[in-house]
Amino acid sequence: MYKIKKLENGFEYIEVKNDVASAKIAFQGAHIFSYKRSNKEELLWVSSLSAFTLGSAIRGGIPICWPRFGNLDKSLPQHGFARTAVFELVEVIADNNTLTTVHLRLKSSNETKKLWAYAFTLDILFHISNELKIEMITTNNDTKEFLITQAFHAYFKLSDIKNIEIFGLENKPFLDSLVNEEKVQKGSIRINEEVDRIYQKANGKIILQDLEKRLEIQSKHSSSVIVWNPWIKKCSQMSGMEKEGYKSFVCIESANAVDDFVMLGANESFSIEVSYN
Ligand code: BG6
């Protein structure tokens, strides 16, 4: 079952419910901002100060960063433009009571071509079941090749940042974006300060352990993982962010970032996928 809902300011989202899970997905940005399995807690963190308005990305949920992750390319907005672009609904498929698939699409337009000159189709498919799986499929409809970096910028809701431990990135090289230095991860990750890291060659399973809660993150065709928490000072300066927000989320982002970019020739497609369970 699904419903299209509209806020007073015109901001639209789709609400999905089946026998095992429910979700809310905004048309702006193909941005999922709630996912709950029946009788389980919310998976995603959203700031109580987040705007739900066209033109500014929701602070929380899973922003889609595309066609760039980060701000290395100064010709594009940080994390690209997809997160503030309005997607169209292609279809909702509910084959049974335990799986609902929502397919959203963004196609190049005169607006996107002002920012990025290429013809493209970006398809995002949300598979809502007792796991959450998301696919991001880029198709080059142009005659020239183009380069993309991309991310599922997931904000996970925590009991408290001090309770968590992240496994699966042990011994991986990473770029510490705070000091722009290459380092290597020793052991599992605990967070007690600002962290902004781009792990490379990280295509295995990642575990987010939060007290007795365990989340498994598995991605396909992407080998960068960003771990981010703004901590006290940066948190108090960010748009749409609660002052103490850093205590209740961590971002673990499945991505193709920095050198791990994708080149797509004319008529080629490339798909990445992530699942959370
Ligand atoms: C992370 C980056 O992915 O996103 C951080 O690694 C950045 O450097 C954060 O601060 C939030 O970005 P934004 O554009 O949503 O404020």
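This is a predicted model, so every value here is computed, not measured.

Overview of the overall build of the chain
From N to C terminus, the chain includes two helices and 22 strands. For the chain, whose C-alpha radius of gyration is 18 Å, the value lies close to the compact-globule estimate of 19 Å for 277 residues. Its C-alpha atoms give the chain principal-axis dimensions of about 45 × 45 × 35 Å. Here the chain holds 277 residues, and the buried ones make up 51% of them. Counted over contacts in the chain with a minimum sequence separation of 6, partners at least 24 positions apart contribute 61%. Of the side-chain charges in the chain, 34 are positive and 35 negative, and the distance between the mean point of each set is 3 Å.

Some remarks on the pairing of strand 19 (residues 224-229)
Counting buried residues along strand 19, six of its six residues qualify, which places the element largely inside the surrounding structure. Neither face of strand 19 is open: one carries S224, I226 and W228, the other V225, V227 and N229, and all of them are buried. Here strand 16 (residues 195-199) runs beside strand 19; their pairing, made up of five bridges, is antiparallel. Looking at the pairing, V195 lines up with N229 of strand 19.

Quick word on the environment of H153
Structurally, the position occupied by H153 is in the loop between strand 11 (150-152) and strand 12 (155-157). Judged by its relative accessible area of 5%, H153 is buried. Sequence separation of H153 and L175 is 22 residues, and the distance between their C-alpha atoms is 17 Å. The residues contacting H153, other than those within four sequence positions of it, are G61, I62, P63, C65, H79, W228, C251 and E253.

A look at the nonpolar core
The biggest cluster of nonpolar side chains holds 79 residues, and the ones touching the most others in it are I32, I166 and Y276. Beyond its immediate stretch of four places on either side in the chain, Y276 contacts L43, I62, E131, L132, I134, F152, A154, F156, L215, E216 and I217. Among the nonpolar cores identified, the runner-up in size contains five residues, and F11, Y13, A26 and F33 belong to it.

A few points about the sheet that holds strand 7 (residues 99-107)
With antiparallel pairing, eight strands are arranged side by side in an open sheet as 6-7-8-9-22-18-17-13. The outermost strands of the open sheet, each flanked by one partner alone, are strand 6 (88-96) and strand 13 (164-167). The sheet shows a mean angle of 15 degrees between the axes of neighbouring strands, taken without regard to direction.

A word on the side chain of S224
The residue S224 is located in strand 19 in this model. In this structure the side chain of S224 is engaged in a polar contact, spanning 3.0 Å, whose partner is the backbone nitrogen of A257. Each residue touching S224, except ones within four places of it in the same chain, is listed here: I198, Y199, E253, S254, A255, N256, A257 and D260.

Considering the packing of aromatic side chains
Scanning all chains against the criterion turns up 20 aromatic pairs. Consider the rings of W66 and W116, whose centres lie 5.4 Å apart with planes at 75 degrees: the pair is edge-to-face. You can see W66 sitting in the loop between strand 5 (64-65) and strand 6 and its partner W116 sitting in the loop between helix 1 (110-115) and strand 8 (120-128), a full 50 residues away along the chain. For the pair formed by W66 and W116, the shared burial category is buried. A ring pair is formed by F81 and F120, whose centres lie 6.1 Å apart and whose planes are at 50 degrees; its orientation type is tilted. Placement of the pair is F81 in the loop between strand 5 and strand 6 and F120 in strand 8, with a sequence separation of 39 residues. Judged by relative accessible area, F81 falls into the buried class, the value being 4%. Judged by relative accessible area, F120 falls into the buried class, the value being 0%. Of the aromatic side chains, those joined through ring pairs into one cluster are W66, F81, W116, Y118, F120 and F146.

Conventions adopted
Residues numbered from 1 in each chain as written. Predicted model: local features only at pLDDT ≥ 70, side-chain atom pairs only at ≥ 80, totals over all residues. Heavy atoms only, no water. Helix = DSSP H or I, 4+ residues; strand = E, 2+ residues; numbered from the N terminus. Rg over C-alpha atoms; globule rule 2.2 N^0.38 Å. Buried < 20%, exposed > 50% of the residue type's maximum accessible area, 1.4 Å probe, protein only. Contact = heavy atoms within 4.5 Å. Lys, Arg positive; Asp, Glu negative; His and termini not counted. Charge placed at Lys NZ, Arg CZ, Asp CG, Glu CD. Pairing = 2+ DSSP bridges. Core = buried A, V, L, I, M, F, W, Y, C linked by side-chain atoms within 4.5 Å. Axes fitted to C-alpha atoms, helices over the stretch in contact; angles between N-to-C directions. Polar contact = N/O pair within 3.5 Å; in protein donor to acceptor, adjacent residues only side chain to side chain. Phe/Tyr/Trp six-rings, centres within 6.5 Å; stacked < 30°, edge-to-face > 60°.

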